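This is what each chain is made of:
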Amino acid sequence: MNPGTPEQTDAATGPRRLVTALLFLAALALYWPVATWFQGDDYIAIPYAWEWGRVWHDFTGPQYGLTGHTLFWRPLITLSFAVEGRLWGGSPWGYHLTNALCHALNTVLLLAVLGRLVGRSWATRAALL
């Protein structure tokens, strides 16, 4: 049997899928929204992002229209708040759920990228961290 034949690929796919699913579920459980509420700059960011004009402005200027904070440029955060606002309204739980899903997907992405760079065993350890 040559390396990379369908028989070898199928034999490795099952455990890989299991590890990937377990890592996804572990990350999701770790970040699962429990007793959620808004805090900090959420009270500024979420209402600010409700107007699409402000969202697009953050791509060309400082975030939240602040002056004197030119290094504070994170337009994707404002965009994500705008999209989540349309999805979840004023429910903090929905925002935290989206955050948990993003962390879980990033764990799987890290596993996939590092699996190609350093091997599956080390990639799994890194993704667990």
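Here's what I pulled together on the structure shown here. These numbers come from a predicted model, not from an experiment.

### Topic: the side chain of T78
- Structurally, T78 is set in helix α4 (residues 75-88).
- Setting aside residues no more than four positions away along its own chain, T78 makes contact with Y48, A49, V55, D58, Q63 and Y64.

### Description of helix α5 (residues 92-118)
- Its 27 residues give α5 an end-to-end C-alpha distance of 38 Å, which sits within 8% of 39 Å, the value for a rise of 1.5 Å per residue.
- Those residues of α5 that fall on the buried side of the exposure criterion are P92, G94, Y95, L97, A100, A104, T107, L111 and L114.
- Downstream of α5 by one or two residues, G119 has phi in the positive range, about 100 degrees.

### Thoughts on α4
- Between its first and last C-alpha, α4 extends 20 Å over 14 residues, near the 20 Å set by a 1.5 Å rise per residue.
- Restricting attention to buried positions, one finds in α4 the residues P75, T78, F81, A82, E84 and G85.
- Trailing α4 by a residue or two, G89 shows a phi angle of about 65 degrees, which is positive.

### Re a nonpolar patch on the surface
- Side chains of W52, W56, F59, W73, L76, V83, L87 and W88 sit close together on the surface and give an oily, nonpolar patch of about 830 Å² of accessible area.
- Contributions of two or more residues to the nonpolar patch are made by α3 (52-57) and α4.
- In terms of residues, the nonpolar patch owes the most to one element, α4, which gives 4 residues.
- Residue position: W73 is located in the loop between α3 and α4.
- Residue classification places W73 among the partly exposed positions, given a relative accessible area of 46%.

### Structural notes on the layout of surface pockets
- Here the largest pocket defines a volume of roughly 320 Å³.
- Every residue lining the largest pocket is counted, 15 residues in all, and those nearest its centre are S80, F81, E84, Y95 and N99.
- Listed by contribution, the elements that provide at least two residues to the lining of the largest pocket are α2 (42-48), α4 and α5.
- Here the lining of the largest pocket is built from residues that sort into 7 nonpolar, 4 polar and 4 charged.

### Considering the pattern of salt bridges
- In the structure shown here, the tally under the stated rule is 1 salt bridge.
- Salt-bridge contacts for R54 lead to E51; the nearest nitrogen and oxygen are separated by 3.8 Å.
- By relative accessible area, which is 44% here, E51 ends up partly exposed.

### Overview of the packing of aromatic side chains
- This structure, assessed with the given rule, holds 7 aromatic pairs.
- Arranged with centres 5.8 Å apart and planes meeting at 80 degrees, the rings of W32 and W93 form a pair that is edge-to-face. One end of the pair, W32, is in the loop between α1 (6-31) and α2; the other, W93, is in helix α5, with 61 residues separating them in the sequence.
- Their ring planes at 80 degrees and their centres at 5.3 Å tell us that Y48 and Y64 sit as a pair that is edge-to-face. Taken together, the residues span a long stretch of sequence, with Y48 in helix α2 and Y64 in the loop between α3 and α4 at a distance of 16 residues. Taken individually, Y48 and Y64 each receive the classification buried, so the pair is uniform in this respect.
- Ring pairing ties together the aromatic residues F38, Y43, F81 and Y95, which thus form one cluster.
- A cation over an aromatic ring shows up here: R86 above the ring of W50, its NZ or CZ 4.0 Å from the ring centre.
- Positioned above the aromatic ring of W122 is the side chain of R125, whose terminal nitrogen or guanidinium carbon lies 4.5 Å from the ring centre.

Rules used throughout
Residues numbered from 1 in each chain as written. Predicted model: local features only at pLDDT ≥ 70, side-chain atom pairs only at ≥ 80, totals over all residues. Heavy atoms only, no water. Helix = DSSP H or I, 4+ residues; strand = E, 2+ residues; numbered from the N terminus. Contact = heavy atoms within 4.5 Å. Expected span 1.5 Å × (residues − 1). Buried < 20%, exposed > 50% of the residue type's maximum accessible area, 1.4 Å probe, protein only. Patch = residues over 30% accessible without salt bridge, like charges linked within 9 Å, V, L, I, M, F, W, Y side chains within 5 Å. Areas by Shrake-Rupley, 256 points an atom, 1.4 Å probe, with all protein chains shown as cover. Salt bridge = Lys/Arg side-chain N within 4 Å of Asp/Glu carboxyl O. 1 Å grid on protein atoms, 1.4 Å probe; cavity = no way out; pocket = protein on both sides within 12 Å on 5 of 7 lines; lining within 4 Å. Points joined across faces, edges and corners; volume = space filled by probe spheres on them. Nonpolar A, V, L, I, M, F, W, Y, C, P; charged D, E, K, R; others polar. Phe/Tyr/Trp six-rings, centres within 6.5 Å; stacked < 30°, edge-to-face > 60°. Lys NZ or Arg CZ within 6 Å of the ring centre and 35° of its normal.

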